[in-house]
Amino acid sequence: MIKKALAVVAIVLMFSGCWPRKANDRQSILIKNHFIDDTSYMIVCKGYPREGLEGVQAMETAKEAALMNAQMVAKDFFIDSVDVVRQGTVDRYDTADGYAVVTYIIKGSDLKRSLRPERPPVE
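These numbers were taken from a predicted model, which means no experiment stands behind them.

Draft legend 1. Looking closely at the overall build of the protein. The number of helices and strands found in the protein is three helices and four strands. Start at the N end of the protein and walk to the C end: the helices and strands fall as α-α-β-β-α-β-β. Within the span of the protein, comprising 123 residues, buried residues form 39% of the whole. Once local pairs closer than 6 in sequence are excluded, the contacts in the protein between residues at least 24 apart make up 62%.

Draft legend 2. Summary view of unusual backbone geometry. The phi angle at Asp 110 is positive, at roughly 50°, despite the residue not being glycine. On the secondary structure map, Asp 110 appears in the segment after β4 (99-107).

Draft legend 3. Broad picture of the confidence of the model for the protein. For the protein, the average pLDDT comes to 82, and 74% of its residues sit at 70 or higher. When pLDDT is averaged over each helix and strand of the protein, the minimum, 48, is found for helix α2 (residues 23-27) and the maximum, 97, for β4. For residues 15-26, every residue scores under 50 in pLDDT, and the model assigns this stretch 23 contacts once sequence neighbours within four places are set aside.

Draft legend 4. Seen up close, the pattern of salt bridges. A full pass over the atoms with the stated rule returns six salt bridges. Among the salt bridges present, the one from Asp 83 reaches Arg 86, with a minimum N-O distance of 3.8 Å. Here Asp 94 ties to Arg 92 by a salt bridge, and the two come within 2.8 Å at their closest N and O atoms. Under the relative-accessibility criterion, Asp 94 is labelled partly exposed at 31%.

Draft legend 5. Geometry of the side chain of Asn 33. Along the chain, Asn 33 falls in strand β1 (residues 30-37). With a relative accessible area of 19%, Asn 33 lands in the buried category. In this structure the side chain of Asn 33 is engaged in a polar contact, spanning 2.5 Å, whose partner is the side chain of Tyr 41.

Draft legend 6. Main features of the nonpolar core. If you look at the biggest cluster of nonpolar residues, it comprises 19 residues, and the most contacted ones within it are Tyr 41, Ile 43, Cys 45, Phe 78, Ile 106 and Leu 111. Contributing elements (two or more residues each) for this core: β2 (40-47), α3 (55-77) and β4. Tallying contributions element by element places α3 first for this core, with six residues. Discounting chain neighbours no more than four positions away, the residues touching Ile 43 are Leu 30, Lys 32, Asn 33, Ala 70, Val 73, Ala 74, Val 102, Thr 103, Tyr 104 and Ile 106.

Rules behind the numbers
- Each chain has its residues counted from 1, running along the sequence as written.
- Residues qualify for local features only when their pLDDT is at least 70, as the model is predicted, and side-chain atom pairs are given and counted only at 80 or more; totals for whole chains, interfaces and linings, by contrast, use all residues.
- As a rule here, side-chain values come from all non-hydrogen atoms in the structure, and water together with hydrogens is ignored.
- A run of H or I in DSSP counts as a helix once it spans at least four residues, and a run of E counts as a strand once it spans at least two, with each numbered from the N terminus.
- Three exposure classes are used, based on accessible area relative to the maximum for each residue type with a 1.4 Å probe and protein chains only: buried under 20%, partly exposed in between, and exposed over 50%.
- Note on contacts: a residue pair qualifies if any of its non-hydrogen atoms lie within 4.5 Å across the two residues.
- Summary of the metric used: pLDDT quantifies the predictor's per-residue confidence within the range 0 to 100.
- Salt bridges are identified by distance alone: a Lys or Arg side-chain nitrogen within 4 Å of an Asp or Glu carboxyl oxygen.
- We call two N or O atoms a polar contact when they sit within 3.5 Å, provided that within protein one can donate a hydrogen and the other can accept it, with sequence-adjacent residues counted only if both atoms are side-chain atoms.
- What we call a nonpolar core is a set of buried Ala, Val, Leu, Ile, Met, Phe, Trp, Tyr and Cys residues that are connected through their side-chain atoms within 4.5 Å.

Structure follows, in structure tokens:
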């Protein structure tokens, strides 16, 4: 358990430069999110490349940042019994000028009932 926690911290630190610097950019990381059905939830998030990188390396770090953003958003929406990493899969990545977008799908039985109580229902 401690090794997993340390691995997560290491990954977060490694990609800490991937998130946008401006407050307006942070608000625009989550593009959209909604239930596909009772057992599937879609999250679409942006990710920005690590500073100082170009080309393929920049886009790969942007993809990783987008994935981490989607997983963090999902953790905020669902109760702790939903393992958003194991239950989630990347549907696709899209790239644009200066950022990447991930479409992330989380699946689980009766997922609608697994929203955090403080979250309003999302339709």
